[in-house]
Amino acid sequence: MSANTEHRRNEVLRAIVSDFIATQEPVGSKVLVDKHQLGVSSATIRNDMAALEAEGYLTQQHANSGRIPTAKGYRQFVDAIHQVKPLSQAERRGILNFLENGVDLEDVLRRSVQLLAQLTRQVAVVQMPDLRVSRVKHCEVVPLGTQRLLLVLITDTGRVDQRNVDVLEGLAEDDVIRLRELVNRAMVGRTLDEASAQIAAMAGEAKGPSVPSGLRGAILAVTTVLVETLLERPNERLILAGTSNLMASGHMSVGDFAPIIDALEEQVVMLKMLNGARDMNWQVSIGEENEDEKLRHAAVISAGYGSPSVVLGGLGVVGPTHLDYPGTISSVTAVAHYVSRILAGE
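Rules of the game
Residues numbered from 1 in each chain as written. Predicted model: local features only at pLDDT ≥ 70, side-chain atom pairs only at ≥ 80, totals over all residues. Heavy atoms only, no water. Salt bridge = Lys/Arg side-chain N within 4 Å of Asp/Glu carboxyl O. Helix = DSSP H or I, 4+ residues; strand = E, 2+ residues; numbered from the N terminus. Buried < 20%, exposed > 50% of the residue type's maximum accessible area, 1.4 Å probe, protein only. pLDDT = per-residue confidence, 0-100. Pairing = 2+ DSSP bridges. Axes fitted to C-alpha atoms, helices over the stretch in contact; angles between N-to-C directions. Contact = heavy atoms within 4.5 Å. Parallel < 35°, antiparallel > 145°, perpendicular 65-115°, else oblique. Left-handed = near helix turned anticlockwise from the far one by under 90°. Nonpolar A, V, L, I, M, F, W, Y, C, P; charged D, E, K, R; others polar.

Enquirer: Describe the pattern of salt bridges, listing the residues and the values that go with them.
Expert: Think of it this way: side chains of opposite charge can pair up when their charged atoms draw near. Scanning all chains against the criterion turns up 16 salt bridges. For the salt bridge of Lys-35 with Asp-19, the shortest nitrogen-to-oxygen distance reads 3.1 Å. In this pair, Lys-35 sits in helix H2 (residues 29-36) while Asp-19 sits in helix H1 (residues 3-23), placing the two residues 16 residues apart along the sequence. A relative accessible area of 51% means that Lys-35 is categorised as exposed. On the accessibility criterion, Asp-19 (6% relative accessible area) is buried. For Arg-148, the salt bridge identified is with Asp-166, shortest N-O distance 2.8 Å.

Here it is in structure tokens:
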């Protein structure tokens with residue numbers, strides 16, 4: 001096959017995929033000739049379509065109908081997307097403004113999936129941050145009286161834990177300040193596991209000569225509570241939006257979308273998919289490429305959010321294999337980018 005023929009057949013495949021995504025109707029040779037100006041006759045296009053079908057990129061539902069893409073055809077189409085079309089300035093500003101109004105991390109992530117579902121008209125999912133990579137940002141120590149303290153532990157992923165600590169001996173203001181300094185020196189900038197080890201070591205050193213005797217009891221009480229808090233691992237959770245969009249998708253039977261709904265309800269399936277988003281680049285998994293059989297009639301487009309050095313979680317879109325790949329990839333990457341910016345405080 002000549003290079004010209006191969007190039008033309010790739011263009012034919014791209015045109016069929018684009019038209020089928022737009023209309024969800026089989027695409028015939030006459031439509032291709034009239035609409036896409038491929039510079040060859042209908043007979044040549046029909047030969048190209050027959051060759052693409054023989055190679056597994058297209059299929060034909062009925063003898064006299066046009067062709068529709070297969071999962072292999074969609075994969076070829078996606079692999080040819082080298083650059084993501086950027087959103088307009090107004091679209092980017094709208095995304096950022098909507099996300100910036102979130103009151104905390106969970107609210108920002110809820111807003112992100114609501115926005116993705118609206119932009120793509122598919123199901124949007126986001127994974128709550130992986131606590132294994134969280135780092136302690138600050139621990140505030142607030143006196144609630146002479147013998148009770150409030151600990152407020154804040155991580156760089158937005159997790160906030162509050163714990164009350166009772167101390168046997170009253171603490172002066174200077175004691176509270178010293179305790180706060182000791183605790184933050186041990187934890188800030190460290191992962192939760194590292195901070196836990198440092199706090200445990202701090203408890204062991206509480207009886208040393210460098211620690212004022214009046215602080216020893218408070219240090220033991222505070223470090224005990226902090227170790228318990230740091231080792232606490234809430235279950236990983238997904239936030240979903242737009243499930244009804246899947247059922248509204250054309251060209252899908254109940255037998256096709258019902259297993260996808262089941263997979264969405266089984267968080268372990270989707271968490272496994274999003275765990276694959278280990279960097280900030282977009283990824284696409286189509287049909288049989290999805291490991292779980294419930295997603296064999298679905299496409300999943302995902303990207304990581306966080307920073308290039310530490311990915312905190314994944315977000316993405318689940319839809320039928322005939323979804324709008326270029327538009328969905330653009331939306332997913334844009335939302336992941338702005339969630340990351342907000343988490344970084346930019």
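Following the structure, the description resumes.
Enquirer: Just give me the short version of the confidence of the model for the protein, but keep the residues and values in it.
Expert: When the pLDDT values of the protein are averaged, the result is 85; 92% of them are 70 or greater. The element-level mean pLDDT for the protein is lowest in helix H12 (residues 267-275), coming to 78, with helix H4 (residues 71-79) highest at 93.

Enquirer: Provide a residue-level description of the sheet that holds strand S3 (residues 123-127), including the pertinent values.
Expert: Paired through backbone hydrogen bonds, the strands of a sheet run either parallel or antiparallel to each other. Strand order in this open sheet of 5 strands is S7-S3-S10-S9-S8, and the pairing throughout is antiparallel. Whereas interior strands pair on both sides, the edge strands pair on one side only; in this sheet they are strand S7 (238-241) and strand S8 (283-286). Neighbouring strand axes in the sheet, compared pairwise and without regard to direction, differ in orientation by 20° on average. Contacts from H12 reach S3, S7, S8, strand S9 (298-306) and strand S10 (311-320) within the one sheet, and its direction differs from that of S3 by about 75°.

Enquirer: Explain the packing of helix H6 (residues 105-120) against helix H13 (residues 325-343) to me, using residue names and the numbers behind them.
Expert: At their nearest, the axes of H6 and H13 sit 10 Å apart, and the two run at 165° to each other. Considered as vectors, H6 and H13 are oriented roughly antiparallel to each other. The way H6 lies across H13 gives a crossing that is right-handed. Residues Leu-105, Val-108, Leu-109, Ser-112, Leu-115, Leu-116, Leu-119 and Thr-120 of H6 pack against Thr-328, Ser-331, Val-332, Val-335, Val-339, Ile-342 and Leu-343 of H13. Along the lines of polarity and charge, the residues of the contact of H6 with H13 split into 11 nonpolar, 4 polar and no charged.

Enquirer: Lay out the pairing of strand S6 (residues 160-166) with the relevant residues and their values.
Expert: A regular strand carries its side chains on alternate faces of the sheet. Direction of pairing for strand S5 (residues 148-155) relative to S6: antiparallel, over a ladder of 7 bridges. Each bridged residue has a counterpart across the sheet, and for Leu-151 the counterpart in S6 is Arg-163. What sits between S5 and S6 in their antiparallel hairpin is a turn of 4 residues, with Gly-158 showing a positive phi close to 90°.

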